[in-house]
Amino acid sequence: MPIYEFECEECGARFEELVGAADAAACTACGSERTRRLYSEVSPPSRQPRGAKVRADESRRGEREAARQERITESRKRRAAGEKP
Ligand SMILES: [Zn+2]
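Rules and cut-offs
Residues numbered from 1 in each chain as written. Predicted model: local features only at pLDDT ≥ 70, side-chain atom pairs only at ≥ 80, totals over all residues. Heavy atoms only, no water. Donors = N, O, S within 2.8 Å, 3.2 Å for Na, K, Ca; no water. Tetrahedral: all angles 85-135°; square planar, octahedral: opposite > 155°, others 65-115°. Helix = DSSP H or I, 4+ residues; strand = E, 2+ residues; numbered from the N terminus. Buried < 20%, exposed > 50% of the residue type's maximum accessible area, 1.4 Å probe, protein only. Pairing = 2+ DSSP bridges. Polar contact = N/O pair within 3.5 Å; in protein donor to acceptor, adjacent residues only side chain to side chain. Contact = heavy atoms within 4.5 Å. Phe/Tyr/Trp six-rings, centres within 6.5 Å; stacked < 30°, edge-to-face > 60°. Lys NZ or Arg CZ within 6 Å of the ring centre and 35° of its normal. Axes fitted to C-alpha atoms, helices over the stretch in contact; angles between N-to-C directions.

Caption draft 1: Region of the structure containing the coordination of the zinc ion. Around the zinc ion, the donor atoms from the protein are Cys8 (SG), Cys11 (SG), Cys27 (SG) and Cys30 (SG), and they sit 2.3 to 2.4 Å away. Taken together, the 4 donor atoms surrounding the zinc ion define angles of 104 to 118° at the centre, an arrangement classified as tetrahedral. Coordination of the zinc ion draws on donor residues from a single chain, spaced C-x2-C-x15-C-x2-C in sequence. Of this pair, Cys8 sits in strand S1 (residues 3-8) while Cys27 sits in the loop between strand S2 (14-18) and strand S3 (35-38), and the two are 19 residues apart along the sequence. Taken as a pair, Cys8 and Cys27 share a single burial class, namely buried.

Now the structure itself:
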């Protein structure tokens, strides 16, 4: 079983537990079950400056918009082709 890092939402304690994928772990500090699994244990916290992240988001949005436009164009083409006798 993999080791996951958890953070307690009650007291903020962080701890590691061996759990199955669907399991939660109770806080080792206060016993609360309001814990959430952290996914950042392997890679260090992002040191990317905020501006770079915003630019990356903008670029992804642009790609999605381009893909959407492409689908619209394709469906128009198909419709136009279908309307021909
Ligand atoms: Zn706790």
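Still to come is the rest of the account.
Caption draft 2: Seen up close, the pairing of S2. Bridge analysis of S1 against S2 gives 5 bridges, and the strand direction is antiparallel. Within S2, the position partnered with Tyr4 by the bridge is Glu17. Linking S1 to S2, which pair antiparallel, is a turn of 5 residues; within it Gly12 sits at a positive phi near 80°.

Caption draft 3: Expanded view of the side chain of Glu7. Examined against the element boundaries, Glu7 turns out to sit in strand S1. Separated by 2.9 Å, the side chains of Glu7 and Arg14 make a polar contact. Beyond its immediate chain neighbours, meaning those up to four positions away, Glu7 contacts Gly12, Ala13, Arg14, Arg34, Thr35, Arg36 and Leu38.

Caption draft 4: Region of the structure containing the packing of aromatic side chains. Taken as a whole and assessed by the stated rule, the structure comprises 1 aromatic pair. A cation sits over an aromatic face here: Arg37 above Tyr4, 3.9 Å from the ring centre.

Caption draft 5: Region of the structure containing the sheet that holds S1. Strands sit in the order S2-S1-S3 across an open sheet of 3 strands; the sheet is antiparallel. A strand with exactly one partner marks an edge of an open sheet, and here the two such strands are S2 and S3. Each strand of the sheet is rotated relative to its neighbour by a mean of 40°, with strand direction disregarded. By the bridge criterion, 4 bridges tie S1 to S3 in an arrangement that is antiparallel. The residue of S3 that forms the bridge with Glu7 is Arg36.

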